[in-house]
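Descriptive analysis of the structure
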Amino acid sequence: LSEAAYVEQVLGAAGYADIDIAPVEAVLPGAPTAAQEADFVCNMGPLARLLREREPDEPTLRRIVADVAGRFRQFETDAGMRIPATVYCVTAVRR
């Protein structure tokens, strides 16, 4: 949904009008620790798909997961992961 024109095109073609796309700043809760968050994203979603396609050997996979965990550490809190994000609120009316 990061490309508003594409979303508007798809919704318009599906019979929707008065399309509004508004960015919303949010903080997304995650796993209790950066290591657990890294394990999750490496096993589900776009990164997991890429890893399945590339089939890294076990030592390489461990290094990737460790690197991802390192990048997530800045979002660790006492209450678990809190990851800042921009999400989009899309509204439209069926014609």
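Quantities reported herein were computed from a predicted structural model and do not represent experimental measurements.

A word on the nonpolar core
By size, the foremost hydrophobic cluster in this structure holds 10 residues: Ala34, Ala38, Val41, Cys42, Leu51, Val68, Ala69, Phe72, Met81 and Ile83. Looking at this core, the elements with two or more residues in it are α2 (34-41), α4 (58-72) and β3 (80-94). Setting aside residues up to four positions removed in sequence, Met81 forms contacts with Leu28, Pro29, Gly30, Ala31, Pro32, Thr33, Ala34, Glu37, Phe72, Phe75 and Glu76.

Concerning the pattern of salt bridges
Counting across every chain of the model gives 2 salt bridges. Here Glu58 makes a salt bridge to Arg62, at a shortest N to O gap of 3.8 Å. Residue Glu58 and its partner Arg62 are located together in helix α4, separated by 4 residues, close to a single helical turn. Asp67 serves as the salt-bridge partner of Arg71, at 3.2 Å between the closest nitrogen and oxygen. Of this pair, Arg71 and Asp67 are both found in helix α4, 4 residues apart, which corresponds to roughly one turn of the helix. Using a relative accessible area of 57% as the deciding quantity, one classes Arg71 as exposed. The exposure class of Asp67 is partly exposed, given its relative accessible area of 42%.

With respect to the packing of aromatic side chains
Enumeration according to the criterion identifies 0 aromatic pairs in this entry. When the ring centre of Tyr16 is taken as reference, the NZ or CZ atom of Arg94 above it lies at 5.3 Å.

What counts as what
- Residues numbered from 1 in each chain as written.
- Predicted model: local features only at pLDDT ≥ 70, side-chain atom pairs only at ≥ 80, totals over all residues.
- Heavy atoms only, no water.
- Core = buried A, V, L, I, M, F, W, Y, C linked by side-chain atoms within 4.5 Å.
- Buried < 20%, exposed > 50% of the residue type's maximum accessible area, 1.4 Å probe, protein only.
- Helix = DSSP H or I, 4+ residues; strand = E, 2+ residues; numbered from the N terminus.
- Contact = heavy atoms within 4.5 Å.
- Salt bridge = Lys/Arg side-chain N within 4 Å of Asp/Glu carboxyl O.
- Phe/Tyr/Trp six-rings, centres within 6.5 Å; stacked < 30°, edge-to-face > 60°.
- Lys NZ or Arg CZ within 6 Å of the ring centre and 35° of its normal.

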